Amino acid sequence: MHWLTRFSAVRVAPTDMTEAGTRFQPVLDEAATRELIGTVSLLAGALWQVSTPAEALARLYAEEPRLAHAAVDFLPRLTSAARALAADLAVAPGEPPSGARS
């Protein structure tokens, strides 16, 4: 299956992301909600690349245990990162996420 077809099968439309982001509105202000959606969008792109390696790279990960950590499950990893960011933004609304550089 072509990578674009696989990506299209799991992608989330921007309107869906906005709707998902508004679920956090009781604890996140508008700026924090936008930060959450923007950052999760960036993470999704990066994690998709790592979670759907080319066939040769996938074989290498399977054959070489020292590299197995490089293969990640897309949705669980993205969900975990999104939850962590949302929790951090909820604790300090209006401030950059902890660890972010000014």
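Residues numbered from 1 in each chain as written. Predicted model: local features only at pLDDT ≥ 70, side-chain atom pairs only at ≥ 80, totals over all residues. Heavy atoms only, no water.

Chemist: Can you walk me through the overall build of the protein in this structure?
Modeler: Broken down by element type, the protein carries five helices and zero strands. Ordered by position in the sequence, the α and β elements of the protein form the string α-α-α-α-α. Looking at the 102 residues of the protein, the share that counts as buried comes to 23%. Long-range pairs, those at least 24 residues apart, make up 59% of the contacts in the protein between residues at least 6 apart in sequence. In the structure as shown, the protein presents an accessible area of about 7400 Å², 60% of it carried by carbon and sulfur atoms. (Helix = DSSP H or I, 4+ residues; strand = E, 2+ residues; numbered from the N terminus. Buried < 20%, exposed > 50% of the residue type's maximum accessible area, 1.4 Å probe, protein only. Contact = heavy atoms within 4.5 Å. Areas by Shrake-Rupley, 256 points an atom, 1.4 Å probe, with all protein chains shown as cover.)

Chemist: Hey, could you run me through the pattern of salt bridges in this one?
Modeler: Charged atoms that come close allow side chains of opposite charge to pair. Here the structure, examined in full by the defined rule, presents three salt bridges. Taking the shortest distance from any N to any O, the salt bridge between E55 and R59 comes out at 3.2 Å. With a gap of four residues between them, E55 and R59 both fall in helix 4 (residues 55–63), about one helical turn apart. Classification of R59 as partly exposed rests on a relative accessible area of 43%. (Salt bridge = Lys/Arg side-chain N within 4 Å of Asp/Glu carboxyl O.)

Chemist: What is the right way to read the packing of aromatic side chains from this model?
Modeler: Think of a pair of aromatic rings as described by two things: how far the centres are apart, and how the planes are tilted against each other in angle. Enumeration over the complete set of coordinates arrives at one aromatic pair. Between W48 and F74, the ring centres sit 5.3 Å apart and the planes meet at 85°, which makes this aromatic pair edge-to-face. Taken together, the positions of W48 in helix 3 (residues 30–51) and F74 in helix 5 (residues 74–91) put the pair 26 residues apart, joining distant regions of the chain. When sorted by exposure, W48 lands in the same class as F74, which is buried. (Phe/Tyr/Trp six-rings, centres within 6.5 Å; stacked < 30°, edge-to-face > 60°.)

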